[in-house]
Amino acid sequence: MTDRGDCTTQQKEKKEDEDGDMNAILAELRLHRKEFKTLKSQSLSLQSQIGEIHSSIERLLDCKVERPERLTADNREDLKAELESKCLTPASCQPQTQHSLTGSPHYPGLEQHGEANANCRLACFYDETTKDRAEDGQVTVDPTKCTYIIFFSADIEDNKVVPKNGVRQRIAFNTLKKRNPLLKTLLAVGGLKNEDQKFKLMAQTQAGRTAFINSAIRMMRSFLFDGLNIDWRFPDSEDKELFTALCQEARTAFDNTPEKFLLTAPVSAERSIIDSGYEVEKIAKDLYFFNV
């Protein structure tokens, strides 16, 4: 006759075995789900790269460049540079007139920053929160379509520039420059109306502005950004001179770095905000470009 205690022990062991099997199945399913997401991401990336290659081939086939009779080591690099600047630059970036895009003494020529086309800027804006949207709302970045991509991913805390989300996204973002060596990436800080007070508090003192600028340099250097986009929406009449001081001090600090970081800012399109919030002639000397 079987002891009741033995039955209870056997039932308990059986349940534990069943629970163990279920946990193993769940763990395997989670692993498969993770692998599926990875494969899906890689598939989307490959589709994007195939599209870029197809577009590049189409532009090269339609491009009119004088080919040398014979390709040699001497003319190979010259031909490659001409093909990149004339054929692989987006059509909207082809120069229509010869003119300077900046009156800033800090940027005497765009060529010094490695731009293939010194008469054009095509700046694109990418918000990293798009990765959290539903599938149809997600955005795939094509680095061949832009000369600049502004990456929206930084906030202000204690007068310092801090990341809004994880590190991996910023590192992955700047690998886009491997697919377009002429691409420049800019880190945007601010951007939301409720962050206006953070800018106000930071800009009120030179110590606050210095902390902001130094932290921006550290972050740009750490994540391989080429410049900073100060997205203050928007300075008012009380902030006008503070915004100018912030731009001037940031430009001076950036000029003293080996990287010579770029400095840009979005501005309002409304005349009333422009008149009350910006000393346009002054900040134009320190900003690489405005975006509206």
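Source: prediction; values computed, not measured. (Residues numbered from 1 in each chain as written. Predicted model: local features only at pLDDT ≥ 70, side-chain atom pairs only at ≥ 80, totals over all residues. Heavy atoms only, no water.)

Asks: Any chance you could break down the state of the cysteines for me, citing the residues and the numbers?
Replies: All told, the structure shown has 1 disulfide when counted by the stated rule. Two residues share a disulfide in this structure: cysteine 124 and cysteine 146, whose sulfurs sit 1.9 Å from each other. Negative torsions about the S-S bond denote left-handed disulfides, and the value of about -95° found for cysteine 124 with cysteine 146 makes this one left-handed. Of this pair, cysteine 124 sits in strand E1 (residues 123-127) while cysteine 146 sits in the loop between E1 and strand E2 (148-157); the two residues are 22 residues apart in sequence, bridging distant segments of the chain. A relative accessible area of 6% places cysteine 146 in the buried class. (Disulfide = S-S within 2.5 Å. Helix = DSSP H or I, 4+ residues; strand = E, 2+ residues; numbered from the N terminus. Buried < 20%, exposed > 50% of the residue type's maximum accessible area, 1.4 Å probe, protein only.)

Asks: Could you give an account of the packing of helix H6 (residues 206-223) against helix H7 (residues 240-255), with specific residues and numbers?
Replies: Interhelical geometry of H6 versus H7 gives an angle of 45° and a closest axis separation of 10 Å. As summarised for this structure, H6 and H7 are arranged oblique, according to the angle between their axes. You can see that H6 and H7 cross each other, and the crossing is right-handed. Along its contact with H6, which presents Gln206, Arg209, Phe212, Ile213, Ile217 and Met220, the element H7 presents Leu242, Ala245, Leu246, Glu249, Ala250, Ala253 and Phe254. Counted by class, the contact of H6 with H7 contains 10 nonpolar, 1 polar and 2 charged residues. (Axes fitted to C-alpha atoms, helices over the stretch in contact; angles between N-to-C directions. Parallel < 35°, antiparallel > 145°, perpendicular 65-115°, else oblique. Left-handed = near helix turned anticlockwise from the far one by under 90°. Contact = heavy atoms within 4.5 Å. Nonpolar A, V, L, I, M, F, W, Y, C, P; charged D, E, K, R; others polar.)

Asks: Describe in detail the nonpolar core, supporting the description with residues and values.
Replies: By size, the foremost hydrophobic cluster in this structure holds 41 residues, and its most contacted members are Phe212, Leu228, Ile230 and Phe254. Contributions of two or more residues to this core are made by E2, strand E4 (184-190), helix H5 (196-203), H6, strand E5 (227-231), H7 and strand E6 (262-266). Sort the elements by how many residues they give to this core and H6 lands first, with 7 residues. Listed in part, the 8 residues of the second largest apolar core include Tyr148, Ile150, Leu262 and Tyr288. (Core = buried A, V, L, I, M, F, W, Y, C linked by side-chain atoms within 4.5 Å.)

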